[in-house]
Amino acid sequence: MTHYSPAELAAQLKTGLLSFPVTHFHPDLSFNETAYREHLSWLSQYDVAGLFAAGGTGEGFSLTTAEIDTVVRAAVSEVDGRVPVIAPATGGTATAVAGAQAAEAAGADGVLLLPPYLTEAGQRGLIEHVSAVCRSTSLGVTVYSRANAILTDVSVAELADRNPNLVCLKDGVGNVEMMTRTYARVGERLTYIGGLPTAETFALPLLQLGYSTYSSAIFNFVPEFALDFYADVVAQDRTSVYQKLNEFVLPYLDIRDRTKGYAVSIVKAGVKAIGRSAGPVRPPLQDLTDDELAQLTELIGKIK
């Protein structure tokens, strides 16, 4: 199967909504590949621009290296070239490099470079970290600016100059000044992806900052609603966007914000609520309570 070149990947990802599927587990928390493939097969009926396997919504942080490889290979096989599959790389530099190389070997079309864990780092260290991962693969790389890996506009510009296969910046911070500075300095050299939790909340204002797309977690269980919402954002239909925010997204956030980690847990709960259970989340995350699941189910029923 022919991979997307980095330039082709950058062009493709900006054309539509991005899918970040959950990772399915059995009750004993082992990977449920059959259910995962069924989920991807269902979602693939809808028009999205890219699929990010084992990302944050996919609990990639809870998966072993071998499990990530299994999940990515299952996604590549199931999607079968219909949309690009982007695989994760994370951890320290050596581990992230190995993850990027494993993604390429597994047949992925791109790499999502997630923040390293635990350690803090300055901008020079982050630049060398991202550059090392870019050098290790021929795939297009998306860097996620978030947590302990927040990149300044100057750093992003240097990374873009040094690494031709750095194609996307995913923002998980929402600092309007820094986002403006970055787009002003780097411009169309990169594709910009909104990556704040429940990105629909920020999608309309971020469009004005050059962020043409975003990662949609709710696409996992209300795909029609997610795609309609994206279409309203692109059309800058403020009335429809705020109507959808009020009828679903904001009440959804009220449940999400009750417990740390629910940004992922509530997505799996949503999949369960529509009768397509993805199993439990892995610790240290926790599942929604029965009452919260009932509230979410009722909320989803109002937009079906």
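Residues numbered from 1 in each chain as written. Predicted model: local features only at pLDDT ≥ 70, side-chain atom pairs only at ≥ 80, totals over all residues. Heavy atoms only, no water.

- The name an unreviewed UniProt entry assigns to the protein is Probable 5-dehydro-4-deoxyglucarate dehydratase, from the organism Kribbella kalugense.
- Under Sequence similarities (unreviewed entry), UniProt gives the following word-for-word description of the protein: "Belongs to the DapA family." (UniProt positions renumbered as here; feature names shortened; annotations may be inferred.)

## Comments concerning the pairing of strand β7 (residues 191–194)
- With burial as the criterion, each face of β7 is covered, one bearing Thr191 and Ile193 and the other bearing Tyr192 and Gly194.
- In the sheet, strand β6 (residues 166–171) pairs with β7 via 4 bridges, with the strands oriented parallel. Opposite Cys168, over in β7, you have Thr191 as the bridge partner.
- Here β7 pairs with strand β8 (residues 213–216) via 2 bridges, running parallel. By the bridge assignment, Ile193 is partnered in β8 with Thr213. (Buried < 20%, exposed > 50% of the residue type's maximum accessible area, 1.4 Å probe, protein only. Helix = DSSP H or I, 4+ residues; strand = E, 2+ residues; numbered from the N terminus. Pairing = 2+ DSSP bridges.)

## Focus: the nonpolar core
- Membership of the largest hydrophobic core comes to 91 residues, with the highest contact counts inside it found for Phe221, Phe229, Phe248 and Tyr252.
- Among residues more than four places away in sequence, those in contact with Phe248 are Ile218, Phe221, Val222, Phe225, Leu299, Ile300 and Ile303.
- Among the nonpolar cores identified, the runner-up in size contains 14 residues, and Leu13, Leu18, Ile86 and Tyr144 belong to it. (Core = buried A, V, L, I, M, F, W, Y, C linked by side-chain atoms within 4.5 Å. Contact = heavy atoms within 4.5 Å.)

## A look at the pattern of salt bridges
- For the structure on display, the rule yields 15 salt bridges.
- Between Lys14 and Glu188 there is a salt bridge, and its shortest N-O distance comes to 3.5 Å. Of the two residues, Lys14 is situated in the loop between α1 (6–13) and β1 (18–19) and Glu188 in the loop between α7 (176–186) and β7; the sequence distance between them amounts to 174 residues.
- On the basis of relative accessibility, which here comes to 32%, the residue Lys14 falls in the partly exposed class.
- Close ionic contact of Arg181 with Glu177 constitutes a salt bridge, the shortest N to O distance being 3.0 Å. Here Glu177 and Arg181 lie together in helix α7, a separation of 4 residues that amounts to about one turn.
- On the basis of relative accessibility, which here comes to 42%, the residue Arg181 falls in the partly exposed class. (Salt bridge = Lys/Arg side-chain N within 4 Å of Asp/Glu carboxyl O.)

## Examining the layout of surface pockets
- Taken as a whole, the largest pocket spans an internal volume of roughly 610 Å³.
- In the lining of the largest pocket, the residues fall into 19 nonpolar, 10 polar and 2 charged.
- Here the second largest pocket defines a volume of roughly 290 Å³.
- What lines the second largest pocket is a set of 20 residues, among which Thr65, Ile68, Thr90, Thr95 and Gly99 lie closest to the centre.
- Taken together, the elements giving at least two residues each to the lining of the second largest pocket come down to α3 (65–79), β3 (85–89) and α4 (93–105).
- Per element, the largest residue contribution to the lining of the second largest pocket is 5 residues, and it comes from α4.
- Among the residues making up the lining of the second largest pocket, the classes are represented as 12 nonpolar, 7 polar and 1 charged. (1 Å grid on protein atoms, 1.4 Å probe; cavity = no way out; pocket = protein on both sides within 12 Å on 5 of 7 lines; lining within 4 Å. Points joined across faces, edges and corners; volume = space filled by probe spheres on them. Nonpolar A, V, L, I, M, F, W, Y, C, P; charged D, E, K, R; others polar.)

## With respect to empty space enclosed by the protein
- The full count for this structure, using the stated rule, is 2 cavities of 30 Å³ or more.
- Contributing elements (two or more residues each) for the lining of the largest cavity: α5 (123–135) and β5 (140–145).
- For the lining of the largest cavity, a count of residues per class yields 10 nonpolar, 1 polar and no charged.
- Here the second largest cavity is characterised by a volume of approximately 40 Å³.
- Surrounding the second largest cavity, Gly194, Ala203, Leu206, Leu207, Tyr211, Ser212, Thr213, Tyr214, Tyr230 and Val233 form its lining.
- Contributions of two or more residues to the lining of the second largest cavity are made by α8 (203–207), β8 and α9 (223–234).
- Among the elements that take part in the lining of the second largest cavity, α8 stands out by supplying 3 residues, more than any other.
- Looking at the lining of the second largest cavity residue by residue, the class counts come to 7 nonpolar, 3 polar and no charged.

## Concerning the UniProt feature "active site" (unreviewed entry) in the protein
- Per the UniProt record, "active site" (unreviewed entry) is found at Tyr144 and Lys170. Across 27 residues in sequence, these annotated residues keep their C-alpha atoms within 4.7 Å of one another, forming a single compact spot. Set against the largest cavity, the annotated residues that line it come down to Tyr144.
- Locating Tyr144 in the fold gives a position in strand β5.

## So, the sheet that holds β3
- One closed barrel accounts for 8 strands, arranged β1-β2-β3-β4-β5-β6-β7-β8; its pairing is parallel.
- Inspection of the sheet shows β1 paired to strand β2 (residues 50–52) by 2 bridges, in the parallel sense. Along β2, the bridge assignment pairs Leu18 with Gly50.
- Packed onto the sheet, α4 meets β3 and β4 (110–113) and runs at close to 160° relative to β3. (Axes fitted to C-alpha atoms, helices over the stretch in contact; angles between N-to-C directions.)

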